[in-house]
Structures are given as structure tokens and as C-alpha cells.
Amino acid sequence: MQRERSRAKLVAPRRPIVLVVDDMPANRELLEGYLEELGYDVRQARDGIEALEAVAAEEPDLMLLDVDMPRLDGIAVCQRLKMHPTRRLIPVVILTASNDREVRLRGIAAGADDYLSKPFDAKELLIRTTVLLRDRELNKRLDATESVLFALARAVEARDRYTIYHAERVGRYAEAIGAAHGLDAEDGELLYQGGVLHDLGKIAIPDAILLKPGPLTDEEFAIMRTHSTEGERICLSLRSVTHYLPIIRHHHERFDGGGYPDHLAGSAIPLGARVAAIADAWDAMVSDRPYRAGLGCDEARSRLRSGAGKQWDAELVDIFQHLLDTGLQERVARRQLTATA
Ligand SMILES: [Fe+2]
Ligand SMILES: [Fe+2]
């Protein structure tokens, strides 16, 4: 008997959720009518506060936002969303009178993705929403790819009880060094994430070497050293992580050119990798390893000082020493405790 072929889909299609925010009921109803006809699942909010509550309860795929509203206006809502780590990816369309240049400029400054002129035009609405929802879908997939990598980085650590949370701490130290060096929050985020991913390539190193309870032979060490290029190889095809690649590839370069894999020296080593190298070395020195107990902080600090200008960038070592003086290690440990509690 022949089985009837059904139209199978790997993922059941879902109607995109569009949140319409306007204090005028007539506008909301009009937009809802248009949008439902286009196949969207529509939610309504009457002002800025209601809009933020609606987003917190259920993240929409797109938001149409009026500007003049009681309690909290549209520009403020847009600003708040665009400062949020994940909600900033929700596309926001500002609803404005077509000749209101001032509002448009304020909208751009607040991070709005697009505009829709009143009175609304059904065709324009269709085109703008389709484009933004397609971008939204792509962004979500990129996000998912990143999450897989971070899960992988944690899986690497799970193989080895000695390095548990090492990557997370390296990320936090690197982020702090970056901020003290004057880098902005976006670069700080990159340093944190690059720090978390720096040893991802260890996934390719056999247990017998990775977990060996004693010093490695030359041959084993050569294999161990491949983890930086292996990590880069794993991430190479993923466009969303290309920014971290220099950190992953070069975190074992030395300032005097004696490191690996490329024997880069001085400022030829990417800044992110120079920062991560200090964060990594510090955490490795003070943590227990299969073949030795961790060093005391005083001893680790004196090694850091004597390696400044040879193994590490001296200016960044100074910054890191100062951060240690002001309690960085305790702050990172506390943060980790609350994160894992
Ligand atoms: Fe490493
Ligand atoms: Fe490491």
C-alpha cells in the first residue's frame, strides 16, 4: 500500500508576532486589520509602559511604534529596547507623519530600524515588514550558532575538572583589562566572548594528552599546541564569530616573538590576543592543574612582572596588576558564584 505523501516541514511554520503600539485606538485597529491580512499574529499596546510589559511577557518579532504617547513615548521605548542585550535585535518601526523630519532624526539616534509614514499605505507596510522579519529570522539563526559554540566551549571544560570555569574567568579578566585600557562596551563584550572561546580547539586534543597527570613530552606538546589553530578552524566558517578569530588563534603568541602559532611579536599580535594571553596565563598560574597545585597570588604576580615585555605586553600587565590591586580576582570569583548558584 502506498503511503500518502504529506507536505512535511522540519519546523512547523509560526506566524510572526507583530506588536502595534499606539495610543489612538483607530490607528491600532487599522494596522491590526492590515497586518492580520498579511498573516501576522498581532498584539496591541496603548502606551510605552504597556509596550515594554508586552515585550517582557512575550518577545515580538517586530514592533510598530507610535512616537507621541502618554506615560512613556516611542523614542524612549526604542532607546530602552536597543540598549537591552537580546531585545535590541527586535526590529522597531517608528510610526510618524511623513514630513516630520525631527522625529525621524530622533528615531535614528534611538536606534530605530525603519519608519512608516502616516497615513499608512498597505503596500508599503507589506514591503517593510517582510524585509525586517527576514532580517530578524537571520539574526536569530546567527544567535543560535553562537550559542552552540559557547556550549561547545563549556563541553571542552567539562572533560577536565581542573579547568572548570577557566574559560569563563579568562573572559571576565579580559573584559576588565579591555575596559581599563579604554575600550568600549562592544569591544568588552568581544573580549569576554573571545575569552570564553579561546581554548575551544581543545575539543580536538585527545584525553591522553589533555588530561595527562604530568608534564607533556615534546611530541605531545606539539599536538597540544594545535588547539589554537584547531579552534580557529572550527569557527572559521561561522561569519558571526569572525571577530573572535584573532583571540582564538593568537592567544599563545609571546610579546618577544617566541610564541605560537605564528611567532608574532609586539604590536603585531592582535590587541585582543595580547589581552587574553595575560588573562589566560594568570588564571592558569593560580589554578590547580593535573600535574601541579596552583601558585600563590604573590608568586603568580612576580612571574607576571618578570614576564612583562617578554611574554606579555608590559603596558597591559601594568593595567592587570592594578586591577588585581583593586580586587579584580575576588569580583570575578563572586560573579561566578552567583552565576552558577
Ligand atoms: Fe590555550
Ligand atoms: Fe586557556
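Residues numbered from 1 in each chain as written. Chains lettered and ligands numbered in written order. Predicted model: local features only at pLDDT ≥ 70, side-chain atom pairs only at ≥ 80, totals over all residues.

**Some words on the pairing of strand 2 (residues 41-45)**
- Two elements, strand 1 (residues 17-21) and strand 2, share 5 bridges in a ladder whose sense is parallel. Opposite V18, over in strand 2, you have V42 as the bridge partner.
- You can see the chain leave strand 1, run along helix 1 (residues 25-37) and come back into strand 2, and the turn it takes is right-handed. (Pairing = 2+ DSSP bridges. Helix = DSSP H or I, 4+ residues; strand = E, 2+ residues; numbered from the N terminus. Right-handed = clockwise from strand over helix to strand, strands pointing away.)

**Description of the packing of helix 6 (residues 166-180) against helix 7 (residues 185-197)**
- Between helix 6 and helix 7, the least distance of the axes is 7 Å, while the angle of their chain directions is 155°. Classified by the angle their axes make, helix 6 and helix 7 are roughly antiparallel. Helix 7 is crossed by helix 6, and the crossing has right-handed handedness. Contacts between helix 6 and helix 7 involve A167, E168, V170, G171, R172, A174, E175, G178 and A179 from the first element and D187, G188, L191, Y192, Q193, G194, G195 and V196 from the second.
- Of the residues in the contact of helix 6 with helix 7, the class split is 7 nonpolar, 6 polar and 4 charged. (Axes fitted to C-alpha atoms, helices over the stretch in contact; angles between N-to-C directions. Parallel < 35°, antiparallel > 145°, perpendicular 65-115°, else oblique. Left-handed = near helix turned anticlockwise from the far one by under 90°. Contact = placed C-beta atoms within 7 Å. Nonpolar A, V, L, I, M, F, W, Y, C, P; charged D, E, K, R; others polar.)

**Looking at helix 12 (residues 271-286)**
- Helix length check: helix 12, at 16 residues, gives a terminal C-alpha distance of 23 Å against a target of 22 Å (1.5 Å per residue), a fit within 8%.
- Burial in helix 12 covers these residues: G272, A273, R274, V275, A276, A277, I278, A279, D280, A281, W282 and D283.
- Where helix 12 is buried, its residues touch helix 6, helix 7, helix 11 (245-250), helix 13 (297-307) and helix 14 (314-325). (Expected span 1.5 Å × (residues − 1). Buried ≥ 20, exposed ≤ 12 C-beta atoms within 10 Å, placed from the backbone.)

**Digging into the domain arrangement of the protein**
- The domains assigned to the protein are domain 1 (17-140) and domain 2 (159-340).
- Each of domain 1 and domain 2 has a C-alpha centre, and the two are 42 Å apart. (Domains from an automatic or database assignment.)

**Comments concerning the nonpolar core**
- Ranked by size, the top nonpolar core spans 38 residues in total, and within it I177, I278 and A279 carry the most contacts.
- Listing elements by their share of this core, those giving two or more residues are helix 5 (122-158), helix 6, helix 7, helix 11, helix 12, helix 13 and helix 14.
- Sort the elements by how many residues they give to this core and helix 12 lands first, with 8 residues.
- Residues in contact with I177, not counting those within four places in the same chain, are V275, I278, A279, L316, I319, F320 and L323.
- Within the second largest apolar cluster, 28 residues are counted, among which are Y40, C78, L81 and V92. (Core = buried A, V, L, I, M, F, W, Y, C linked by C-beta atoms within 7 Å.)

**Notes on the confidence of the model for the protein**
- With 94% of its residues at a pLDDT of at least 70, the protein reaches an overall mean of 88.
- The element-level mean pLDDT for the protein is lowest in helix 5, coming to 81, with helix 14 highest at 97. (pLDDT = per-residue confidence, 0-100.)

**Description of the environment of I234**
- Among the structural elements, I234 can be located in helix 10 (residues 227-236).
- C-alpha separation for the pair I234 and E219, spaced 15 residues apart in sequence, amounts to 23 Å.
- Discounting chain neighbours no more than four positions away, the residues touching I234 are L200 and G201.

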